[in-house]
Amino acid sequence: MSIHIQRLEAVAGGQLLHRDNQSVMLTALGKKLLRSTAELLRSHDRILADLHGSNLTGRIILGMPDEYAAQVIREILPPFSAAWPNVVMELKMGPSNELEEWIARGKLDAAVVVQPKEKTSPDAQLLMSTTPVWVGPLNSNVALENPLPLAVYAAPCIYRKAITASLKASGRRSRIVLESHSSKAVQACVEAGLAVSLMDRGKVSGRMLILENMPTVPDHNIVFIRSAASYEDEAVDLLSKAFNQSFRL
């Protein structure tokens, strides 16, 4: 992968990625290249659709956690549906652990889920790696409170498990202020100064502060997984490619 990035940077004439100890982020040039190539990829899909898109029919039941739904619904599904108009999409929201169970039982054709990096499924398609960060409100000492006030997703939730494990390992006491299925509710609780939480670095808003000196949380992967039956489904193959091209935080 690094060789491909180096080649792209040589063509683009500058650095595309900024790396630190916790994450990898696009530079301004990288974001500009992403916007430009996204349009090329959409043109590619439109050409394929003109050639044989009307002949492809099917139905895909797709699952994802609430916190990724907005980007997927706004940026990935519209061009996919435009390219393949006879493929019917059905969306279901749920926590990653639950989505994995639904995939195993054949209740979903595909899903976007979060998995601990060391436990990522061998057949999962990697969309991106992420280092969850502790976040709190701006101009507040709520992170110093004992017990630590938490805004968490309702169980089962992969990041809630990470919070519980890291606090237990550090011996830090905590209490739950908010338990919700909604990422917006968790975000509002943190921004209001009521609690701290754990989220992807790319989801941190301008009204939040990344907290230092907090219990360590391991890296995770955001992946695209499929049911066994879906590997014979061309529509899911194309959806997998769309996610690989366009998914971001």
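For the structure itself, consult the block above.
Reading guide: rules and limits
Residues numbered from 1 in each chain as written. Predicted model: local features only at pLDDT ≥ 70, side-chain atom pairs only at ≥ 80, totals over all residues. Heavy atoms only, no water. Helix = DSSP H or I, 4+ residues; strand = E, 2+ residues; numbered from the N terminus. Contact = heavy atoms within 4.5 Å. Core = buried A, V, L, I, M, F, W, Y, C linked by side-chain atoms within 4.5 Å. Buried < 20%, exposed > 50% of the residue type's maximum accessible area, 1.4 Å probe, protein only. Phe/Tyr/Trp six-rings, centres within 6.5 Å; stacked < 30°, edge-to-face > 60°. Lys NZ or Arg CZ within 6 Å of the ring centre and 35° of its normal. Pairing = 2+ DSSP bridges. Axes fitted to C-alpha atoms, helices over the stretch in contact; angles between N-to-C directions. Salt bridge = Lys/Arg side-chain N within 4 Å of Asp/Glu carboxyl O. 1 Å grid on protein atoms, 1.4 Å probe; cavity = no way out; pocket = protein on both sides within 12 Å on 5 of 7 lines; lining within 4 Å. Points joined across faces, edges and corners; volume = space filled by probe spheres on them. Nonpolar A, V, L, I, M, F, W, Y, C, P; charged D, E, K, R; others polar.

Undergrad: With reference to specific residues and values, describe the side chain of Ser205.
TA: Considering the arrangement of structural elements, one finds Ser205 in the loop between strand S10 (197–200) and strand S11 (208–210). Aside from chain neighbours lying at most four places away, what touches Ser205 is Gln187 and Glu191.

Undergrad: Requested: an account of the nonpolar core, with residues and values cited.
TA: Taken as a class, soluble globular proteins show a tendency for nonpolar side chains to be buried jointly. Of all hydrophobic cores here, the largest spans 54 residues; its most connected members are Val112, Trp134, Phe243 and Phe247. Sort the elements by how many residues they give to this core and helix H3 (residues 66–83) lands first, with seven residues. Sequence-distant contacts of Val112, that is, excluding residues within four places in its chain, are made with Gly63, Met64, Pro65, Tyr68, Leu99, Leu127, Ile222, Val223, Phe224, Phe243 and Phe247.

Undergrad: I'd like to hear about the packing of aromatic side chains, residue by residue, with values.
TA: Tallied over the full model, the rule gives three aromatic pairs. Look at Phe224 and Phe243: their rings are 5.3 Å apart centre to centre, the planes differ by 40°, and that puts the pair in the tilted class. Of this pair, Phe224 sits in strand S12 (residues 220–226) while Phe243 sits in helix H7 (residues 234–246), and the two are 19 residues apart along the sequence. With centroids separated by 6.5 Å and ring planes inclined at 25°, the aromatic side chains of Phe243 and Phe247 adopt a geometry described as stacked. Cluster of aromatic residues (ring-pair linked, three or more members): Tyr68, Phe224, Phe243 and Phe247. Across from the ring centre of Tyr231, 4.6 Å away, lies the NZ or CZ of Arg226, which sits over that ring.

Undergrad: So what's going on with the sheet that holds strand S7 (residues 132–137)? Residues and values would help.
TA: Taken in spatial order, the three strands line up as S10-S7-S11 in an open sheet, and their pairing is antiparallel. Sheet topology places S10 and S11 at the edges, where each strand pairs with a single neighbour. When the angles between neighbouring strand axes are averaged without regard to direction, this sheet yields 50°.

Undergrad: An account of the pattern of salt bridges is needed here, citing residue identities and associated values.
TA: If you walk through the whole model with that rule in mind, you get seven salt bridges. Ionic pairing is found between Glu90 and Arg59, a salt bridge with its closest N-O pair at 2.6 Å. With Glu90 in strand S4 (residues 87–93) and Arg59 in strand S3 (residues 58–64), this residue pair connects regions lying 31 residues apart in the sequence. Here Arg226 makes a salt bridge to Asp237, at a shortest N to O gap of 2.7 Å. Residue Arg226 is located in strand S12, and its partner Asp237 is located in helix H7; the two are separated by 11 residues in the primary sequence. Residue classification places Arg226 among the buried positions, given a relative accessible area of 13%. Given the relative accessible area of 30%, Asp237 is considered partly exposed. What you see here is one network of salt bridges that share partners, running through Arg59, Glu90 and Lys92.

Undergrad: Which residues make up the sheet that holds S4, and what values do they have?
TA: In space, the five strands of this open sheet follow the order S4-S3-S5-S12-S6, with mixed pairing throughout. Of all the strands in the sheet, just S4 and strand S6 (125–130) have a single pairing partner and so form its edges. Direction aside, the axes of adjacent strands within the sheet are offset by 25° on average. Relative to S4, S3 is paired through seven bridges, and the arrangement is parallel. In the strand pairing of S4, Met64 is matched with Met93. In this fold helix H4 (residues 96–104) packs onto S3, S4, strand S5 (110–116) and S12, with an angle of close to 130° to the strand it touches most, S5. The strands that H7 touches are S3, S4, S5, S6 and S12; relative to S12, the one it contacts most, it runs at about 160°.

Undergrad: Quick one: what's the story with the layout of surface pockets, residue by residue and with numbers?
TA: If a probe as big as a water molecule is rolled over the atoms, it shows which places are left empty. By volume, the second largest pocket is sized at about 450 Å³. Forming the boundary of the second largest pocket are 20 residues, of which Glu67, Ser183, Lys184, Gln187 and Lys203 lie nearest the centre. Elements with a minimum of two residues in the lining of the second largest pocket: H3, helix H6 (183–191) and S10. Residues of the lining of the second largest pocket, tallied by class, amount to nine nonpolar, four polar and seven charged.

Undergrad: I'd like to hear about the environment of Ala229, residue by residue, with values.
TA: Locating Ala229 in the fold gives a position in the loop between S12 and H7. You can call Ala229 exposed: its relative accessible area is 63%. Note: C-alpha distance between Ala229 and Ala38 (191 residues apart in sequence) is 30 Å.

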